[in-house]
Amino acid sequence: MYPLTGSMHAMNQGDITFQWNAGVLTNNLFRFDVTAGTQKFQFYVGCKSPKGECTYQMPVNEWLDLGDKFRGTDATFTLVGTDGTAAADGGPAGVVYTSKPVTISFSPEPVIGGLYYWAAASKSIKRFTFGAKKAVVFIKPNSPTDEFSCVACHSVSRDGKVIAFAVSQDPGGENTSAIQTAPTDDPSMPFVRPVKGMTPFYSGPGDLTNNNKIGPEDHFGHNVALSPDGSLAAINGIAPPPATGGWPPNFEIRDTKSGTTLGKWDKGDPLFGDQSNPIFPEWSPDGTTIVATMDRFAMGNGCASWTQSTCTGSIATLSWTPTDPANPTMGGTLGAAHVIVKESPTAYHFYPSWSPDGKWIVFVSAPAGKSSLSNPNAVLRIVPSTGGPFSCPGSQCFDLVRGTQYSWTDAAGAKGGKHSTWPKFSPFAQGPNKNLMFISFTTEIPYGFLTNNVQQDKPELWSFFVDTDKLVFGKGDPSYAPVWLPYQEINDGAISPYWTTTLPCTVDGANNCIGCVQGEDCAIDKVNATCQCTQTRIQ
């Protein structure tokens, strides 16, 4: 049941729970045979389950040792099981059953960096580093890090120094939200903290926000993307009153530290074309280009044009040229939209993300007319970041079938897909040609018995590697089978992963580390007077 055959595992991720079906309910003794080349290892495991649902937490140090020994290579796992009956008085021993082999591989290098995600169940933002025991709460509603009752869509700069996120007072939600920005070494001291008071928005009858009028009073917006160094924020804005219901939506570039608007363009601006508005933005690794979904929301089409939802859209890039490259907060010029993947009568596209080398864009496609929010029919695809428009699927547009464990045809069938969405590249590449890249995404792929028995229809974070050499050399689907990220709680409702290069903090004059949260340790470099937050590895 888990791990999945054809998956590639980070060699430094030590937490893994094997899950299997006993096959015959009387089977209670099992052995894992692990082979790679001429090396062979064995694990002996007992399991007694009335349903035949067996799990085994691999010893962390043993699993890390396998990852180190077999880095960059494949390993085959075969399971044998029996009821443990010994031969007696010349009688036969218990029957031994053997599984089909499962082949996985280990990454050639460690996966590093930190990942932030939204834990929908607690309406908080959590974070972790590879090698950690579990994710820890970083931004919490009704706390010094967020004075409001909700925190949702977020972004973190690639260098890990700045975080930005939408805040609101339930149940006003996106209709009344604003954008807060803060340094990650002390999010309780934000650069921009929206004023909490009498919201000017009217959200409709029956809305508690309308009754008590509490909400953000300024810095309105409901989605944000930070530039690589965190100096600029691309924001899906909300028109302030007296605009009716915050309409029309707009696209803004703001100075992250001051909240000053450096440029604002309303829906339908000539730069966007076709009455479109760029939503779900993300900055390129070099900070010169923004990729976004060009949403064509129109009143009455039964769609939404918010952070979490649309049912129209093409993938397009927009260049950003700063007025003064040495001082990006002086403003700049936004270029016209260049369509990379154009929507069709049968499909639209959303949630794009850049590869760490800036050469590829991963995104989501779904059948036309169905909301992007928790869409079971959505699939993940990848295209070059230049050229186009590309047709999907096509010679330059590849479905990541192995990564999501289903195809476009599967998703359109009676059972549907598995709600794969919100893909995000990590900022690193590895391998001989820097061709192996790591994508995290939100999905409802069943995590063996563990999620099937605990919850239904709640998203979780999985990750998979892609080999871009396969794209360059025309070898088709570049993805490996996915791996469940063990740092999350099963009931987190984890969505929207964001990667950073580090989890930085600060060092005071006495070489004390400041800025890590409970559950994290400081790794101090006294020579360079720097530090970063780490989390103790499971033992």
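See the structure shown above.
Residues numbered from 1 in each chain as written. Predicted model: local features only at pLDDT ≥ 70, side-chain atom pairs only at ≥ 80, totals over all residues. Heavy atoms only, no water.

## Description of the overall build of the protein chain
Summing up its helical and strand segments, the protein chain has 6 helices and 38 strands in all. Relative to a compact globule of 539 residues, whose C-alpha radius of gyration would be 24 Å, the protein chain shows 24 Å and is just as compact. For the protein chain, the C-alpha atoms occupy an extent of roughly 90 × 60 × 50 Å along the three principal directions. A buried classification covers 57% of the 539 residues belonging to the protein chain. (Helix = DSSP H or I, 4+ residues; strand = E, 2+ residues; numbered from the N terminus. Rg over C-alpha atoms; globule rule 2.2 N^0.38 Å. Buried < 20%, exposed > 50% of the residue type's maximum accessible area, 1.4 Å probe, protein only.)

## Some remarks on the state of the cysteines
Taken as a whole and assessed by the stated rule, the structure comprises 2 disulfides. Covalent S-S linkage joins C47 and C54, the inter-sulfur distance amounting to 2.1 Å. Between C47 and C54, the disulfide has an S-S torsion of -90° and is therefore left-handed. What makes C47 buried here is its relative accessible area of 9%. (Disulfide = S-S within 2.5 Å.)

## Some words on the nonpolar core
Within the largest apolar cluster, 75 residues are counted, with the highest numbers of intra-cluster contacts made by W20, W63 and I163. With near-sequence residues (within four places) excluded, I163 lies in contact with Y116, I125, F138, I139, S155, V156, Q180, T181, A182, T184 and L226. Counting 19 residues, the second-largest nonpolar core is a separate cluster that includes A10, F128, L461 and A494. (Core = buried A, V, L, I, M, F, W, Y, C linked by side-chain atoms within 4.5 Å. Contact = heavy atoms within 4.5 Å.)

## Quick look at the environment of N236
Note that N236 resides in strand 18 (residues 232-237). Exposure remark for N236: the relative accessible area of 1% places this residue in the buried category. Along the backbone, N236 and F350 are 114 residues apart, and their C-alpha atoms lie at a distance of 14 Å. Beyond its immediate chain neighbours, meaning those up to four positions away, N236 contacts G221, H222, N223, N250, F251, P278, I279, F280 and P281. Within the local environment of N236, its side chain forms a polar contact with the backbone oxygen of P278, the two atoms lying 2.6 Å apart. A polar side-chain atom of N236 sits 3.3 Å from the main-chain amide nitrogen of F280. (Polar contact = N/O pair within 3.5 Å; in protein donor to acceptor, adjacent residues only side chain to side chain.)

## Looking at the packing of aromatic side chains
Taken as a whole and judged by the stated rule, the model has 24 aromatic pairs. Among the aromatic residues, those joined into a ring-pair cluster are F18, W20, F30, F32, W63, F77 and F106. Against the face of W408 rests R381, its NZ or CZ located 4.7 Å from the ring centre. One residue, K470, lies across the ring of Y480, its end atom 5.4 Å from the ring centre. (Phe/Tyr/Trp six-rings, centres within 6.5 Å; stacked < 30°, edge-to-face > 60°. Lys NZ or Arg CZ within 6 Å of the ring centre and 35° of its normal.)

## Describing unusual backbone geometry
Here the bond from Y2 into P3 is cis, since omega is 5°, no more than 30 degrees from zero. Of note, P3 is situated in the segment before strand 1 (8-9). The peptide bond linking G388 to P389 adopts the cis configuration, its omega dihedral lying at 5°. The topology assignment puts P389 in the loop between strand 28 (379-384) and strand 29 (398-399). Even without being a glycine, F280 presents a positive backbone phi close to 55°. On the secondary structure map, F280 appears in strand 21 (residues 277-283). With a relative accessible area of 5%, F280 lands in the buried category. Backbone geometry places H419, a non-glycine residue, at a positive phi of 60°. By relative accessible area, H419 is classed as buried at 18%.

## A look at the pattern of salt bridges
Pairing between side chains becomes possible if they bear opposite charge and their charged atoms approach one another. Inspection of every chain in the model, using the stated rule, returns 12 salt bridges. Between R31 and D33 there is a salt bridge; the shortest N-O distance is 2.7 Å. With a relative accessible area of 24%, R31 lands in the partly exposed category. As a salt-bridge pair, D477 and R402 come within 4.0 Å of each other at their nearest N and O atoms. Separated by 75 residues along the polypeptide, D477 in the loop between helix 6 (468-472) and strand 33 (483-484) and R402 in helix 3 (residues 401-404) bring together distant segments of the chain. (Salt bridge = Lys/Arg side-chain N within 4 Å of Asp/Glu carboxyl O.)

## Overview of the sheet that holds strand 27 (residues 360-367)
Taken in spatial order, the 4 strands line up as 26-27-28-29 in an open sheet, and their pairing is antiparallel. Lying at the two open borders of the sheet, with one neighbouring strand each, are strand 26 (347-354) and strand 29. (Pairing = 2+ DSSP bridges.)

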